[in-house]
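Chain by chain, the residues:
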Amino acid sequence: MKFIELTLHNHIIVHGFDARNQEITEEVTVEIPSKKIVSVDRILSVSEKFILIKYAFDRIIYWEYIEDYNSVKEMLT
């Protein structure tokens, strides 16, 4: 299993969907970003602002990351 290290901070947790198929979300604001080791197998997508990661109990999390997009892209290729 391959891992990458990222500096993550604010994030949005998707807990599921309501009866109208709208995401049930929880926004989390973090004062100090922290480094995390992330399994590449759990990464669903990467944008210039967020990395989308599978989480426990069928949740997904949109994490804001500090690194620049091209650096993350290089780590993943």
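From a predicted model like this one, the values you see are computed outputs, not experimental measurements. (Residues numbered from 1 in each chain as written. Predicted model: local features only at pLDDT ≥ 70, side-chain atom pairs only at ≥ 80, totals over all residues. Heavy atoms only, no water.)

## Quick look at the side chain of E64
At step 1: Its place among the elements puts E64 in strand 6 (residues 60-65).
At step 2: Despite being buried, E64 has no salt bridge partner; K49 is the closest side chain of opposite charge, sitting 4.3 Å away. (Helix = DSSP H or I, 4+ residues; strand = E, 2+ residues; numbered from the N terminus. Buried < 20%, exposed > 50% of the residue type's maximum accessible area, 1.4 Å probe, protein only. Lys, Arg positive; Asp, Glu negative; His and termini not counted. Salt bridge = Lys/Arg side-chain N within 4 Å of Asp/Glu carboxyl O.)

## Focus: the nonpolar core
At step 1: By size, the foremost hydrophobic cluster in this structure holds twelve residues: I4, L6, L8, I13, V38, I43, I51, I53, I61, W63, Y65 and V72.
At step 2: Put simply, the parts of the chain that give this core at least two residues each are strand 1 (3-17), strand 5 (50-54) and strand 6.
At step 3: With four residues, the top contributor of residues to this core is strand 1.
At step 4: For L6, the contacting residues outside a window of four places in its chain are S34, K35, K36, V38, I51, E67, V72 and M75. (Core = buried A, V, L, I, M, F, W, Y, C linked by side-chain atoms within 4.5 Å. Contact = heavy atoms within 4.5 Å.)

## Some words on unusual backbone geometry
At step 1: With a phi angle near 60°, F57 is a residue other than glycine that sits in the positive phi range.
At step 2: With respect to the element layout, F57 can be found in the loop between strand 5 and strand 6.
At step 3: The exposure class of F57 is exposed, given its relative accessible area of 74%.

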